[in-house]
Amino acid sequence: MITIALPAVDWVLEGIFIRGQGPDCGGAVLAPPHPLYGGSMDSPVVTELTWACKRAGYATARFNWRGVGASGGAPSGDAGDADADYQASVDYLAETVEGPLIAAGYSFGAATAVRVAARNPRVRKLLLVAPPPAMLDVEALASFRGPALAIVGSEDAFAPLPEVEAHFGDEAHRRLSVVPGADHFFGEGLARISRDALAWLGGEPDSD
């Protein structure tokens, strides 16, 4: 377990750090879903993303939003609060490991990852699961020129496939991976998340 400090407050965020392979491995920050709806770093989706990044050799840092688990503060669905929590986690990882960083997240966490990645040159890739189009900062996404993968379920009502495809289907540096039969919560198809993420990260090839 780790603690992640935020500026100008007297409490910290709870997190988990896992070392990568080698001193220049780079790292990934992994954000949970919405804190007001039970989102925590123990989310099965976040766990799948963590496994894929670790298997690909990256260090990982996942965290609980403020007010969740042992993190201080009050729970908040405010985008500014989420950005501050995510930025603090990026700063922690940037000070801990060498190499490029990946901004990753699930649902609300994916939307936050896009905003924070756009203003952090150390972040070179985006790894997003079920990013809700209604929460996406389209300008921030357009300004991010690194590779990006979005993984979405074919039956996702909160991240409808046609709307996600509109943002990830046309650019050469962006890829869309569809999990057949999965909804926003991945009661089915959970293992596909780690397989597709790992293949995209340059690990083992995906397989059905």
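Please refer to the structure higher up on the page.
Residues numbered from 1 in each chain as written. Predicted model: local features only at pLDDT ≥ 70, side-chain atom pairs only at ≥ 80, totals over all residues. Heavy atoms only, no water.

Caption draft 1: Examining the side chain of S43 more closely. With respect to the element layout, S43 can be found in the loop between β3 (27-31) and α1 (44-55). Under the relative-accessibility criterion, S43 is labelled buried at 9%. With sequence-adjacent residues up to four places away left out, S43 is seen in contact with P33 and Y106. (Helix = DSSP H or I, 4+ residues; strand = E, 2+ residues; numbered from the N terminus. Buried < 20%, exposed > 50% of the residue type's maximum accessible area, 1.4 Å probe, protein only. Contact = heavy atoms within 4.5 Å.)

Caption draft 2: Here's a closer look at the state of the cysteines. Taken as a whole and assessed by the stated rule, the structure comprises 0 disulfides. Sulfur of C53: no disulfide; nearest cysteine sulfur belongs to C25 and is 11 Å away. Of the residues examined, C53 reaches a relative accessible area of 0% and is grouped as buried. (Disulfide = S-S within 2.5 Å.)

Caption draft 3: Inspection of the pairing of strand β1 (residues 2-5) at higher detail. Alternating residues of β1 divide into I2 and I4, all buried, and T3 and A5, none buried. For β1 and strand β2 (residues 12-18), the ladder comprises 4 bridges, and the chain directions are antiparallel. Counterpart to T3 in the pairing with β2 is E14. Between β1 and β2, which follow one another and run antiparallel, lie 6 residues, and A8 among them has a positive phi close to 70 degrees. (Pairing = 2+ DSSP bridges.)

Caption draft 4: Highlighting α1. Here α1 spans 16 Å end to end across 12 residues, near enough to the 16 Å set by a 1.5 Å rise per residue. Immediately downstream of α1, the backbone of G57 shows phi near 105 degrees, a positive value. (Expected span 1.5 Å × (residues − 1).)

Caption draft 5: View of the sheet that holds strand β8 (residues 174-179). In spatial order, the strands read β1-β2-β4-β3-β5-β6-β7-β8; together these 8 strands make up an open sheet with mixed pairing. The open sheet has two edge strands, β1 and β8, and neither has a second partner. Recorded for the sheet is a direction-independent mean angle of 20 degrees between the axes of neighbouring strands. In the packing of helix α2 (residues 79-96) onto the sheet, the strands contacted are β1, β2, β3, β4 (59-63) and β5 (101-106), and the crossing angle to β3 comes to about 160 degrees. Those strands touched by helix α6 (residues 190-200) are β6 (123-129), β7 (148-153) and β8, and its axis lies near 160 degrees from that of β7. (Axes fitted to C-alpha atoms, helices over the stretch in contact; angles between N-to-C directions.)

Caption draft 6: Structural context of the pattern of salt bridges. For the coordinates displayed, the defined rule picks out 5 salt bridges. Across the pair R66 and D81 runs a salt bridge, and its minimum N-O distance is 3.4 Å. Pair noted here: R66 is in the loop between β4 and α2 and D81 is in helix α2, with a separation of 15 residues, a long-range link. We classify R66 as buried; its relative accessible area is 12%. A salt bridge links R192 to D196; the shortest N-O distance between them is 3.1 Å. On the criterion of helical spacing, the pair formed by R192 and D196 is a turn pair, its members being 4 residues apart in helix α6. Residue R192 is classed as buried on the basis of its relative accessible area of 18%. (Salt bridge = Lys/Arg side-chain N within 4 Å of Asp/Glu carboxyl O.)

Caption draft 7: Looking closely at the nonpolar core. Counting 64 residues, the largest nonpolar core has F63, Y86, L126, L127, V129 and F186 as its most contacted members. Counting residues per element, this core draws most heavily on helix α3 (residues 108-118), at 6 residues. With residues up to four places along the chain from it excluded, the contact list for L126 reads A103, A113, V114, A117, L141, F144, P147, A148, L149 and W200. (Core = buried A, V, L, I, M, F, W, Y, C linked by side-chain atoms within 4.5 Å.)

Any functional reading would require information beyond the geometric quantities listed.
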